[in-house]
Amino acid sequence: MSGLKTHYAAFDIEARILAGIRAAGLNPEQRLSAEELGALDHFHTGGLRASHELLAITPIEAGDRVIDVGAGLAGSARMLASQIGCRVECIEMSADYCTGARLLNRLTGLEDRIKVHEGSALDLPFIESSFDVAWMQNVGMNIADKQTLYAEIARVLKPGGLFAFQEMAAGTAATSYFPLPWATEPTDSFLISAEEMRSLLGTCGFSTELFEDTSNTHLSRTSAHANPAAPGQLGLAVFVNNLAEKAANARRSLEEGQVRLVRGVCRLN
Ligand SMILES: C[S@@+](CC[C@H](N)C(=O)[O-])C[C@H]1O[C@@H](n2cnc3c(N)ncnc32)[C@H](O)[C@@H]1O
């Protein structure tokens, strides 16, 4: 399965993660908490705070079986497993990120509740109606075929199951500042408008319980001058190259309305 094409790759990710953890003054020989790794492994706009906010609007219970689609390093899966106690199956197409996710699951003692599968969101390796909740943060921007993405999520959810997501949507003008955190070049970026997203979700059998544009809230809460790659601090720069440039381009794209940040909770009919 390691032949999947992805622009997300991080050479020697285990060594980079362990070095980053030590540089931040944490000891990987001792049990770490999901929360203290939160600056490292929530690879999406708004980071750990955005994950907490999505969780606050998504009713998940301890007995639920959750799928995290495009899980990255599985920071959100660890938040869900540790805070709610649910079981989480991660699907992630980058072999490197799967390796990093499994390492962090071990370091936090959560490997019995979280399984990491290398594979594609467009061909989920699960049977029909087998999950209570699907969770997805900042993944659809990399996927051109959103009809298949949403149809696959609908297929594996139980009727009445929830799909919680946050996503970048297309704004009023084409994206022009690259690299972005999700796309080195324009050919890696597949944005649709919020309206197209809602319509496609409806076509795939979802009813929208909540859908909101959080772009302005996000911009007002974050500083344009924050350095996302400060030395000695745990952060995405441990495994994302050129992070400062990518983060600045993402902010500028949001400020100029080229992209929008949206989130939603939908229920499968
Ligand atoms: C910006 S990262 C977000 C990671 C994670 N959801 C988070 O918020 O920390 C996007 C992730 O989606 C994954 N991805 C992109 N396309 C995918 C696909 N077709 N199937 C599975 N994973 C995919 C990438 O490899 C990457 O890990």
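One structure accompanies this document, and this report is about it. Keep in mind it's a predicted model, so treat the numbers as computed, not measured. (Residues numbered from 1 in each chain as written. Predicted model: local features only at pLDDT ≥ 70, side-chain atom pairs only at ≥ 80, totals over all residues.)

Once that is clear, we can look at the overall build of the protein. Counting its regular elements, the protein contains nine helices and seven strands. Against the compact-globule benchmark of 18 Å for 269 residues, the protein has a radius of gyration of 17 Å, which places it among compact chains. Projecting the C-alpha coordinates of the protein onto the three principal axes gives extents of approximately 50 × 45 × 35 Å. Here the protein, with 269 residues, has 43% of them falling under the buried criterion. (Helix = DSSP H or I, 4+ residues; strand = E, 2+ residues; numbered from the N terminus. Rg over C-alpha atoms; globule rule 2.2 N^0.38 Å. Buried ≥ 20, exposed ≤ 12 C-beta atoms within 10 Å, placed from the backbone.)

Another point: the pairing of strand E2 (residues 87–92). Of all six residues that make up E2, five are buried, and the element is covered over most of its length. For strand E1 (residues 65–69) and E2, the ladder comprises five bridges, and the chain directions are parallel. Along E2, the bridge assignment pairs arginine 65 with arginine 87. Both E2 and strand E3 (residues 114–118) contribute to a ladder of five bridges, which runs parallel. When the sheet's bridge partners are listed, cysteine 90 is paired in E3 with valine 116. Once the chain exits E2 it traverses helix H5 (residues 95–107) before rejoining the sheet at E3, and the crossover so formed is right-handed. (Pairing = 2+ DSSP bridges. Right-handed = clockwise from strand over helix to strand, strands pointing away.)

A few words on the packing of helix H1 (residues 13–23) against H5. One way to put it is that H1 packs onto H5 with a least axis distance of 9 Å and a crossing angle of 45 degrees. Between H1 and H5, the interaxial angle falls into the category oblique. Handedness of the crossing formed by H1 with H5: right-handed. Where H1 approaches H5, its residues Ile13, Glu14 and Ile17 are matched on the opposing element by Asp96, Thr99, Gly100, Leu103 and Leu104. (Axes fitted to C-alpha atoms, helices over the stretch in contact; angles between N-to-C directions. Parallel < 35°, antiparallel > 145°, perpendicular 65-115°, else oblique. Left-handed = near helix turned anticlockwise from the far one by under 90°. Contact = placed C-beta atoms within 7 Å.)

Turning our attention to the site of the ligand. Of all residues adjacent to the ligand, which total 24 residues, the nearest are Phe43, His44, Gly70, Gly72 and Ala121. Elements with a minimum of two residues in the shell around the ligand: helix H4 (75–83) and E2. Taken together, the residues of the shell around the ligand sort by class into 11 nonpolar, 12 polar and one charged. (Near = placed C-beta within 6 Å. Nonpolar A, V, L, I, M, F, W, Y, C, P; charged D, E, K, R; others polar.)

Structurally, aspartate 213 can be placed in strand E6 (residues 206–213). Among residues more than four places away in sequence, those in contact with aspartate 213 are Ala194, Arg260 and Val262.

Below, the discussion takes up the nonpolar core. Formed by 73 residues in total, the largest nonpolar core has its most connected members in Ala74, Cys90, Ala101, Ala134, Ile153 and Phe163. For this core, the leading source of residues is strand E5 (residues 157–170), giving eight residues. Filtering out sequence-adjacent residues up to four positions away, alanine 134 remains in contact with Ile67, Val69, Ile153, Leu157, Gly161 and Phe163. (Core = buried A, V, L, I, M, F, W, Y, C linked by C-beta atoms within 7 Å.)

All we've got here are geometric facts, nothing functional implied.
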